[in-house]
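Here are the chains, one letter per residue:
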Amino acid sequence: MSGYALITGASGGLGLALAEALARRGHKLILVARQREALESVACELSQRFGVEALFRVCDLSQPMQVSGLIQELEQGERRIDLLVNNAGIGSAGLFTELDWGREQQLIELNVLALARLCHAIGQGMVAQGGGQILNVASLAAFQPGPLMSNYFASKAYVLSLSEGLRNELAPHGVKVSVLCPGPVATGFFRNAAIRSSGLERQQLLASPEEIALIAVRGLDKNRAIIIPGWRNRLVPPLLRLAPRALVRRIAMRMIRPLLPRE
Ligand SMILES: NC(=O)c1ccc[n+]([C@@H]2O[C@H](COP(=O)([O-])OP(=O)(O)OC[C@H]3O[C@@H](n4cnc5c(N)ncnc54)[C@H](OP(=O)(O)O)[C@@H]3O)[C@@H](O)[C@H]2O)c1
């Protein structure tokens, strides 16, 4: 592999599993997240296990100045990026008007703005170099509104729509764009967002991050537009298109309510 794969949110969860799946295939890595120690140990482990170069950059992607710094460093460096994986993301749940605005803004800065800026800056580089591939991580949540997780669902709808648009814009320039839309995955996501996942665990609805990463990498090989792991999950978008929107909203709220922490 000549260029690097840059993966955001690679210090744990799905990002770590994606980094491992890519290292296994010989990709050189640039890992981005906030926790230095976790990044350092992931980079060290992956380079030892798979014999690939693994660099890391500490960056809080919810801070626009830090995103600018990262982009500037990438532009000034010599490293060609062949694959951008915009994976970092956070969730939140509760009555929107009662949620802490700081956290909601952080969610938009990270899930929406940082992702768009990296697509813009690194996408520009890929167009100039005549090719590349982008994988944006959305969610099954991208296909519908999610009352009591409204901001999160809306952020993922943006990721899905941006990715589909960019796919057709950038294809003539040799840049392939895919979007990954997983259902629930067993990561720190729920704990970090104060979402109760015990019901999902009981019903065995949580996929493993390694399984999702493998499906994602295979989807990239096939240049799939929208990668939805799991046949049950793949039924969701067509069903949502058929169902009346008011019903979709009511069912979504009923499913999300048990995920909220008890008062
Ligand atoms: N888990 C699910 O059920 C699920 C389902 C569908 C889609 N997704 C999506 O999958 C993606 C990965 O989530 P996950 O499940 O792996 O969650 P996770 O276990 O909480 O991991 C999130 C990753 O993002 C990084 N991150 C968080 N805030 C950041 C910030 N401000 N700047 C830079 N990095 C930041 C974290 O690292 P640091 O703490 O070191 O910064 C961590 O590496 C997200 O986009 C999520 O929306 C998850």
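Residues numbered from 1 in each chain as written. Predicted model: local features only at pLDDT ≥ 70, side-chain atom pairs only at ≥ 80, totals over all residues. Heavy atoms only, no water.

Going by an unreviewed UniProt entry, the protein carries the name SDR family oxidoreductase and comes from Aquipseudomonas ullengensis. According to its UniProt record, the protein has this under Sequence similarities (unreviewed entry): "Belongs to the short-chain dehydrogenases/reductases (SDR) family." (UniProt positions renumbered as here; feature names shortened; annotations may be inferred.)

1. What to know about the overall build of the protein
When its secondary structure is counted, the protein shows 10 helices and seven strands. Relative to the globule expectation of 18 Å for 263 residues, the C-alpha radius of gyration of the protein, 18 Å, shows essentially globular dimensions. Over its C-alpha atoms, taken along the principal directions, the protein stretches across nearly 50 × 40 × 35 Å. Within the protein, contacts between residues separated by at least 24 positions form 71% of all contacts whose residues are at least 6 apart in sequence. Surface accessibility of the protein: about 13400 Å² in total, with carbon and sulfur atoms responsible for 53%. Between the mean site of the 29 positive side-chain charges and the mean site of the 21 negative ones, the protein shows a separation of 10 Å. (Helix = DSSP H or I, 4+ residues; strand = E, 2+ residues; numbered from the N terminus. Rg over C-alpha atoms; globule rule 2.2 N^0.38 Å. Contact = heavy atoms within 4.5 Å. Areas by Shrake-Rupley, 256 points an atom, 1.4 Å probe, with all protein chains shown as cover. Lys, Arg positive; Asp, Glu negative; His and termini not counted. Charge placed at Lys NZ, Arg CZ, Asp CG, Glu CD.)

2. Describing empty space enclosed by the protein
Following the criterion strictly, the structure yields one cavity of 30 Å³ or more and no others. Reported here for the largest cavity is a volume of approximately 40 Å³. Residue lining of the largest cavity: Thr8, Leu61, Asn86, Ala88, Leu110, Ala114, Leu115 and Leu118, and that is the complete set. Here the element with the most residues in the lining of the largest cavity is helix 4 (residues 101-129); it accounts for four residues. Among the residues making up the lining of the largest cavity, the classes are represented as six nonpolar, two polar and no charged. (1 Å grid on protein atoms, 1.4 Å probe; cavity = no way out; pocket = protein on both sides within 12 Å on 5 of 7 lines; lining within 4 Å. Points joined across faces, edges and corners; volume = space filled by probe spheres on them. Nonpolar A, V, L, I, M, F, W, Y, C, P; charged D, E, K, R; others polar.)

3. A closer look at the pairing of strand 2 (residues 28-33)
With six of its six residues buried, strand 2 lies for the most part within the structure. Where the polypeptide runs from strand 1 (residues 4-8) across helix 1 (residues 13-24) and back to strand 2, its parallel neighbour, the crossover connection is right-handed. A crossover links strand 2 with its parallel partner strand 3 (residues 54-58), the connecting element being helix 2 (residues 36-50), and its sense is right-handed. (Buried < 20%, exposed > 50% of the residue type's maximum accessible area, 1.4 Å probe, protein only. Right-handed = clockwise from strand over helix to strand, strands pointing away.)

4. What about a nonpolar patch on the surface?
Taken together, Trp231, Leu235, Leu239 and Leu242 make up a surface patch of nonpolar side chains, about 500 Å² in accessible area. Relative to the assigned elements, Leu239 resides in helix 9 (residues 231-242). With relative accessibility at 52%, the residue Leu239 sits in the exposed group. (Patch = residues over 30% accessible without salt bridge, like charges linked within 9 Å, V, L, I, M, F, W, Y side chains within 5 Å. Salt bridge = Lys/Arg side-chain N within 4 Å of Asp/Glu carboxyl O.)

5. With respect to the site of the ligand
Around the ligand there are 32 residues in total, and Arg34, Asn87, Tyr152, Val185 and Thr187 lie nearest to it. One of the backbone N or O atoms of Gly188 is found 3.2 Å from an oxygen atom in the ligand. Here the ligand, which alone exposes 890 Å², has 95% of that area covered by the protein. At the level of elements, helix 1, helix 5 (150-170) and helix 6 (189-192) are the ones that each hand at least two residues to the shell around the ligand. The greatest single-element share of the shell around the ligand, amounting to three residues, is contributed by helix 6. Class assignment for the residues of the shell around the ligand results in 16 nonpolar, 13 polar and three charged. (Near = heavy atom within 4 Å. Polar contact = N/O pair within 3.5 Å; in protein donor to acceptor, adjacent residues only side chain to side chain.)

6. Considerations on the pairing of strand 5 (residues 132-137)
For strand 5, the buried fraction is high: six of the six residues fall into the buried class. Burial along strand 5 is two-sided: the residues Gly132, Ile134 and Asn136 and Gln133, Leu135 and Val137 are all buried. Sheet topology places strand 4 (residues 81-86) next to strand 5; four bridges connect them, and they run parallel. Note on strand 5: the bridge partner recorded for Leu83 is Gln133. Taken together, strand 4, helix 4 and strand 5 constitute a β-α-β crossover, and its handedness is right-handed. Tracing the backbone out of strand 5, into helix 5 and back to the parallel element strand 6 (residues 175-180) gives a crossover that is right-handed. (Pairing = 2+ DSSP bridges.)

7. Some details on the packing of aromatic side chains
In total, this model carries four aromatic pairs according to the counting rule given. Taken together, a centroid distance of 6.4 Å and an interplanar angle of 90° make the contact between Phe96 and Trp101 edge-to-face. Pairwise contacts between aromatic rings join Tyr152, Phe153, Phe189 and Phe190 into one cluster. In this structure, Lys28 is placed above the aromatic ring of Tyr4, and the distance from its NZ or CZ to the ring centre is 4.6 Å. (Phe/Tyr/Trp six-rings, centres within 6.5 Å; stacked < 30°, edge-to-face > 60°. Lys NZ or Arg CZ within 6 Å of the ring centre and 35° of its normal.)

8. Some details on the pattern of salt bridges
For the structure on display, the rule yields six salt bridges. Between Asp82 and Arg80 there is a salt bridge, with its nearest N and O atoms 2.8 Å apart. Exposure remark for Arg80: the relative accessible area of 37% places this residue in the partly exposed category. Several salt bridges converge on common partners, so that one network encompasses Glu20, Arg24, Glu45 and Arg49.

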